[in-house]
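# Fold and geometry: a report
The chain contents come next:
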Amino acid sequence: MRFLRGISALAVLTAILGGVPYLLALLAGNPIPSVDQLMQAATMPDLDGSFFIGHVLPIIGWIAWATFAIAFLVELPAQLRSIEAPRITILLPQQAAIRPLIAAVLIMFSAAGGIAGSATAAEAQETYPQAASASISQTMHKAAPAPLQQQNLSDETQTQEPEHAEVVVEAGDSLWGIAETELGDGQRFTELFDATQGQDQPVMGEISDPDLIHPGQIVYMPGDNSSSEAPTEAPTPEHEAVEQEPSEAAQEPAHEQAAPADAVDEQTTASGVEIAPTATAPAPTPIAEASDTDDSTTAEDESGSDIDWAGIATTTGGIGLVLAGGILSVLGGRRLVQRRRRRQGERIALPDETMSTIELELRAVEEPLTMLHLDQALRHLAAHAQRTSTPLPQLYAVRLADDEISLYLHDAAELPAPFVCAADDRTAWVISITDVPQLEHTPSAPFPALVSLGRDSSGAHILVDLEYLGALHLRGDEELANRAMTALAAELATTRWGENLRVTLVGFAPGLPAALGTNRIRHVDDLEVLLTELQNLATETERVFNEEGYTSLGHARTAGTTAEEWPPEIILLGQDLEHEQRDRLSDLVSRIPRVGIAAVSRDQVAGEWALEIESAQSAMLAPLELPIEPQIVSDDEYEAIMELLEQSTHDPVAGPAWAQTSEHEEPTLTDVEIASVSAALSNATDQSTTETADDDTRDAVEETVTAVEHDGPYIKLLGTVEMIDWRGEKPTPNIRPYVEVAALLTLKPGLDAAGVHEALWPGEAHNASGATPRRNSLISRTRRLLGTDDNGTFYLPKNRYETHGVRTDWQDWLDIVGDLETATTGQLKSALKLVTGQPISGVANRKWGWSELMREEMLASISDVAAEVARRAFETGDTATARHAGSIGRTVDPAREIHWRDSLRAEHMAGNREGTQQMLKQFYSHLDNIDEAGEPVDQETIDLIDELTQRQLTA
């Protein structure tokens, strides 16, 4: 096949470089016109077209030929030297066309037959992806900006041992790059040259120039595998010194240490609360724990930088951050709908303890900002491709780390800043999370079929583009393969960049599409019908490609059409295929050019891409030979998630007793107008009375708003989280982790060690290796921050997991409101004064997950009080109070339209037509932002807007 492709490419090159000038010379001769001919053309019309045909067209032909010839002269020496050719702006199309032809010819003459590293996207579209697997594997192996393969983790000063005794050169390689990969230092390329010089080579003769190596040649490693110094042997785990975690008591002031000196690592009181030893010297650490490097440090270092004390990489069952974020996004949308449907005194249906546990784990795993940055980085590529009319790069994998995003390409490409090239052959690029640019406009997602497979050895998430792969084979244990396929299906259906995607499940998880309800996932029972549908789709796609001149889906998506016209079709097969079905599906996923169809199955449909799942913690991604920890969804997690999603569709339920009030109809515009006039008359009467009027006769709205007093640490939760008046000392400059612990122990008193650990480290056993010292250190530092009261009593006692004398504004809020039906307006206004924003906002990602259900109660409670205050204000004509109540309601729970109606009535009551119009604009903008919820506008809102519009038209 490569020989035929090379012969064809050679024929095309010969025709272009030799045949075109021969024909031009034969048919047109010398196209340069004489002076007389130029004068005649300038003064007389070319009626018969002889001047145009005999001179202009041949000159255009010679110029076009010259551009191809120049492109050939630029590309040929570069590919012979295995380096990147310079890009000439006006010759980019010609270089793009000539490059794969030269590569095909060189491959034909290369004894190694390697794939040219500089092949373009055009060549990639003519070659099924696995043909380049060797090149791809080496790219990930040698050019990764961060580890993609397991690496030697010994001391940095150690000289790296070469991984191979010899390396076969592939197109795009250099001695510097091979030295970086094999010896750990590109500057050691001279050692490779010395070891290789004079050795017989299978192709192109001996290597005599370190800057000139050819595909198929062999580079030999230096004989001693070292530079001037011998490598330092890395210490074995048995000899490594592990910093032992100090006990809680060791971190406390001396006057706190009152326990006997022979205290054990942890004592357990009758209540089951764990207590750290208070001996002067810490108890010996067991050998089993001494080898656990997780125990070496806890919470934060002294600079205040967070060590991941409250985050987990995956859920207990194996769900990663992309899938966790997708599921929570669906759940958040459902709860938004629930809140819109909620009426006064009701609450949305919330999960029970079992379902809330899985939600807690998902919230500890998700990284919404990381997902946003990845999405924006990829759309930045799409915007650049549209702006410059260039094709999208052939992306096949993404490595998502905490601080950077790495892209791996099939072909060399130039990515726009702030992407930075990380490979000599320009197939690996990296961008820092902090450098991801804001988008001036939001193009459609360029790689909607990007999906997670798992995490590499360093904990970074590995994603692949299924549309590029064409087919992915899940091998190994059947049960684990099914769990991995379920994870793929759920993630594809919920990612923020998969809006232009259709996912079809066959033979498994029939209830998943309905549970997710994202309109991009379906389940079919009849594979034959599906294959016929896909064949028709492929035929139609090829027809449009031929008519429009598109060379690929990437070309179509950036050629002025919308990406919605080219959604990938991802098929996930949970059943075995018959031979004829496998052949039909193989043809669909392998068509050239690609038609946007990909398949994931337990059968080998096509290609070499496969995920060999050995266990729930170990898998190998072929053909890259990349070890990863696979993403799976356990059966228990799947059931809990399905129940959680189903429960989020339930109707609202009755709220707490204190929130119940008598039913009141919402005031009409006439009602508020009358109240406004009455209030104005009342104010005029009040101004004429003496200052000795009896306070008891004043209206409730004039009651004094009392300030909340507190003595000791006070945690503000009804807005941006903040703690004030703590009495101790800062353990570290950043106190946010300890504020969360203090809030947890204040709002949920009586927890035991397991309960505290589950809240802060969801999914991790409280008695796991390293868990106890980490938890004890966190509690100890929180105690140190809170300090003691005037009597010397710790605000966080040492014998139980709850605070003493610490207060939150949420507790004060509940005390002030009391019973909503009987509370005075002054009480309710005092409660609203405590609210400064959405509850528990301003916290870091993956933190405070334990407070989510409590936060929902805060939202509903504040919303109910705001609506009640507004209702009373309309009755008394108190415009200022009505405005404030409406504003608080819209800030805390904008999904409830009653707050928008209250704000509209308040502006109308104030006679502010401009304010009314501005409020309407804000409301319509709000509806646009939540349009995906698909909920109709409340009839009460429609009626009010119609009435307001009619009033303004007749005014």
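Note that the structure is a prediction, hence the values are computed from the model and not measured.

## Focus on the packing of aromatic side chains
In total, this model carries nine aromatic pairs according to the counting rule given. With a centroid separation of 6.2 Å and 45 degrees between ring planes, the pair formed by tyrosine 396 and tryptophan 609 is classed as tilted. Taken together, the residues tyrosine 396 in strand E6 (residues 395-400) and tryptophan 609 in the loop between strand E16 (597-601) and strand E17 (610-615) connect sequence positions 213 residues apart. A single burial state applies to tyrosine 396 and to tryptophan 609, both of which are buried. With centroids separated by 5.6 Å and ring planes inclined at 55 degrees, the aromatic side chains of tryptophan 900 and phenylalanine 923 adopt a geometry described as tilted. In this pair, tryptophan 900 sits in helix H28 (residues 897-909) while phenylalanine 923 sits in helix H29 (residues 913-929), placing the two residues 23 residues apart along the sequence.

## A closer look at the sheet that holds strand E21 (residues 714-716)
Strand order in this open sheet of three strands is E22-E21-E23, and the pairing throughout is mixed. The open sheet has two edge strands, strand E22 (722-724) and strand E23 (807-808), and neither has a second partner. The pairing of E21 with E22 spans three bridges and is classified as antiparallel. Bridge assignment links lysine 716 to a residue of E22, and that residue is glutamate 722. In the packing of helix H21 (residues 736-747) onto the sheet, contacts are made with E21, E22 and E23, and the angle to E21 comes to roughly 100 degrees.

## Notes on a nonpolar patch on the surface
Taken together, the side chains of Tyr22, Leu23, Leu26 and Leu27 make up a nonpolar region of the molecular surface, amounting to roughly 500 Å² of accessible area. Looking at where leucine 27 falls in the secondary structure, it is placed in helix H1 (residues 2-28).

## A few points about the pairing of E16
For E16, the tally of buried residues reaches five of five residues, placing the bulk of the element in the interior. Taking every second residue as pointing to the same face, both faces of E16 are buried, with Ile597, Ala599 and Ser601 on one and Ala598 and Val600 on the other. Sheet topology note: the strand E12 (residues 471-476)/E16 ladder contains three bridges and is parallel. The residue bridging alanine 471 from the neighbouring strand is alanine 599, located in E16. Pairing of strand E15 (residues 569-573) with E16, which is carried by five bridges, proceeds in the parallel orientation. Among the inter-strand pairings, glutamate 569 is bridged to a residue of E16, identified as isoleucine 597.

## Details of the environment of alanine 622
Along the chain, alanine 622 turns up in strand E18 (residues 618-622). Accessibility expressed as a relative area gives 11% for alanine 622, which makes it buried. Here the alpha-carbon distance between alanine 622 and alanine 610, two residues twelve residues apart in the chain, equals 5.1 Å. What alanine 622 contacts, discounting residues up to four positions off in sequence, is Arg475, Glu608, Trp609 and Ala610.

## Notes on the side chain of glutamate 897
Counting through the fold element by element, glutamate 897 comes out in helix H28. Among all residues touching glutamate 897, those that are not within four sequence positions of it are Arg340, Phe923, Pro936, Val937, Asp938 and Thr941.

## Examining the side chain of arginine 342
Within the secondary structure layout, arginine 342 lies in the loop between helix H10 (321-341) and strand E5 (346-347). Assessed through its relative accessible area of 3%, arginine 342 is described here as buried. Among the polar contacts made by the side chain of arginine 342, one reaches the side chain of serine 863 at a distance of 3.2 Å. Not counting residues up to four positions away in its chain, the partners in contact with arginine 342 are Arg347, Ile348, Pro652, Ala860, Ser863, Asp864, Asp893 and Arg896.

Calculation notes
Residues numbered from 1 in each chain as written. Predicted model: local features only at pLDDT ≥ 70, side-chain atom pairs only at ≥ 80, totals over all residues. Heavy atoms only, no water. Phe/Tyr/Trp six-rings, centres within 6.5 Å; stacked < 30°, edge-to-face > 60°. Helix = DSSP H or I, 4+ residues; strand = E, 2+ residues; numbered from the N terminus. Buried < 20%, exposed > 50% of the residue type's maximum accessible area, 1.4 Å probe, protein only. Pairing = 2+ DSSP bridges. Contact = heavy atoms within 4.5 Å. Axes fitted to C-alpha atoms, helices over the stretch in contact; angles between N-to-C directions. Patch = residues over 30% accessible without salt bridge, like charges linked within 9 Å, V, L, I, M, F, W, Y side chains within 5 Å. Areas by Shrake-Rupley, 256 points an atom, 1.4 Å probe, with all protein chains shown as cover. Salt bridge = Lys/Arg side-chain N within 4 Å of Asp/Glu carboxyl O. Polar contact = N/O pair within 3.5 Å; in protein donor to acceptor, adjacent residues only side chain to side chain.

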